[in-house]
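Working through the structure, step by step
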Amino acid sequence: RGHVFTDQHEHVQGPLEAEAVARNIRAAQQEPFEVGGRPVSVSASVGITICPADGTDPVALLNNADIAMYRAKEQGRNTAKFSTPTMHEEILSYHRLETDLKEAVGRGQFELLYQPQLRLADQRVDAVEALLRWQHPERGRLSPGEFITVAEESGHIIPVGLWVIEEVCRQLKRWEGAGVPVPRVAINVSAVQFRQRGFHDVVRGVLESHAVDPELIELELTEHSLMEDTQGTRECLRALKNIGVRLAIDDFGAGYSCLAYLRQFPLDVLKIDRSFVSDLETSLDAQAICSAILSIAHRLSLDAVAEGIESEKQLAFLTRNDCLYGQGFYFSEPVAADRIAALMVQSGAQATRRRRVTSRRLAAKAG
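Quick look at the structure, then. (Residues numbered from 1 in each chain as written. Predicted model: local features only at pLDDT ≥ 70, side-chain atom pairs only at ≥ 80, totals over all residues. Heavy atoms only, no water.)

Side note on the packing of helix α5 (residues 157–177) against helix α7 (residues 199–210)
The contact between α5 and α7 brings their axes to 10 Å, and the two run at 25°. With respect to α7, the element α5 is oriented roughly parallel. The chirality of how α5 crosses α7 is right-handed. Residues Leu 162, Ile 165, Glu 166, Cys 169, Arg 170 and Lys 173 of α5 touch α7, and the partners they reach there are Phe 199, Val 202, Val 203, Val 206, Leu 207 and His 210. Class assignment for the residues of the contact of α5 with α7 results in eight nonpolar, one polar and three charged. (Axes fitted to C-alpha atoms, helices over the stretch in contact; angles between N-to-C directions. Helix = DSSP H or I, 4+ residues; strand = E, 2+ residues; numbered from the N terminus. Parallel < 35°, antiparallel > 145°, perpendicular 65-115°, else oblique. Left-handed = near helix turned anticlockwise from the far one by under 90°. Contact = heavy atoms within 4.5 Å. Nonpolar A, V, L, I, M, F, W, Y, C, P; charged D, E, K, R; others polar.)

Observations concerning unusual backbone geometry
Phi angles above zero are rare outside glycine, and Asp 251 is one such case at about 55°. Residue class for Asp 251 comes out partly exposed when judged on its relative accessible area of 27%. With a phi angle near 55°, Ser 301 is a residue other than glycine that sits in the positive phi range. The residue Ser 301 is located in the loop between α12 (284–299) and β13 (303–306) in this model. (Buried < 20%, exposed > 50% of the residue type's maximum accessible area, 1.4 Å probe, protein only.)

A few points about the nonpolar core
The nonpolar side chains of soluble globular proteins are, as a tendency, buried together. Counting 81 residues, the largest nonpolar core has Tyr 114, Val 168, Leu 219, Leu 240 and Leu 318 as the members making the most contacts within it. In terms of residue count, α5 provides more of this core than any other element does, nine residues in total. If we skip the residues at most four places from it in the chain, Leu 318 touches Leu 120, Val 277, Leu 280, Leu 294, Ala 306, Ile 309 and Cys 323. In terms of nonpolar packing, the next biggest core, distinct from the first, is built from six residues, Ala 18, Ala 22, Val 46 and Ile 50 among them. (Core = buried A, V, L, I, M, F, W, Y, C linked by side-chain atoms within 4.5 Å.)

Quick word on the packing of aromatic side chains
Under the counting rule described, the total for this entry stands at seven aromatic pairs. Taking the centre distance of 6.0 Å and the plane angle of 45° together, the rings of Phe 110 and Phe 147 count as tilted. Here the residue Phe 110 occupies a position in strand β6 (residues 110–119), and Phe 147 occupies one in the loop between β8 (140–142) and α4 (148–154), the gap between them amounting to 37 residues. The buried category is assigned to Phe 110, whose relative accessible area is 7%. Under the relative-accessibility criterion, Phe 147 is labelled buried at 1%. Both rings, one in Tyr 114 and one in Trp 175, keep their centres 5.3 Å apart while their planes meet at 65°; by these two values the pair is edge-to-face. (Phe/Tyr/Trp six-rings, centres within 6.5 Å; stacked < 30°, edge-to-face > 60°.)

Some thoughts on the environment of Leu 162
With respect to the secondary-structure elements, Leu 162 resides in helix α5. Look at Leu 162 and you get partly exposed, because its relative accessible area is 34%. Considered as a pair, Leu 162 and Val 202 are 40 residues apart in the sequence and their alpha carbons are 8.2 Å apart.

Re the pattern of salt bridges
Per the counting criterion, the structure on display carries 16 salt bridges. A salt bridge links Arg 170 to Glu 166; the shortest N-O distance between them is 3.9 Å. In this pair, Arg 170 and Glu 166 are both assigned in helix α5, four residues apart and thus about one turn of the helix distant. Note on Arg 170: relative accessible area 28%, which makes it partly exposed. A salt bridge links Glu 307 to Arg 274, with the shortest nitrogen-to-oxygen separation between them at 4.0 Å. Highlighted residues: Glu 307 in the loop between β13 and α13 (312–320) and Arg 274 in helix α11 (residues 274–278), separated in sequence by 33 residues. Among the charged side chains, a network of salt bridges with common partners joins Glu 129, Glu 220, Lys 271, Arg 274 and Glu 307. (Salt bridge = Lys/Arg side-chain N within 4 Å of Asp/Glu carboxyl O.)

This is the structure we're talking about:
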């Protein structure tokens, strides 16, 4: 939490010593302890305000410290931040966004765009990634980077994430009803959403209620979300695989990159982080990392998807190294659902009859 230091408090003399106290607090919090026989450790985000330098009113000082703490959390957690005059307006903006998020789903302010994933060998569209956008009434269209942290910390990510899964299912049925080829759809899943109790039951219920073939759904998880509770993660992933959905690791290589979990977890896809793809033309290190990730994917029989392809040279390197799928502005920016239908037809994609038969069977079962 935020902390107020006075000149006499705990013999702290100035900001440097206050920062040292905060560092000790963070270190103490990280000491592992047991819960139910399992070792657990936590991190601490600390906000600091100095009295009398930042004021003398107790309520104002506590607000300053709280604001600084929120900034510490926003910038990666497990760190300490001092309050500054600009932080007050920023935290007010944070809370306004949190309040607006609460009503956004009910007011129909969210929309999904779709970015094609092409099979690099023949540039056929087999899948798309669903990308969330928020049509904010005052701030215009917002990308997830502008509100997802607020959604996760406030818990609003749960109804928002459920809306995304529901909307993808509705769109799949619209495509199918229009007689166009039906792509597989990748859906980003927040760590908060994934750790929700009974998440796999929620997914199963949505798919059954819309009579959607689970093979058409690919859930993208971050490395961070998979590493927080290994045993619970394994159980949830197995439950999701039993439903029949595909499972992908998003931004592989940018996080923990613990190779052990690739054997432990029932994964289908590795998505190469766009930072490595963007540097392929200029960095030998990026080329080596991409080659290594692709080699790992091949050895473990996982599909590899490269994100952020923007040039012919990047495409050539990935194709030469047998990357199966790619997406990026080189092929298409995220577009509306009706445009995806046209791209599917143009690329020569074909609807899989088995998928449609399965879908009808699910519909009959649901009925």
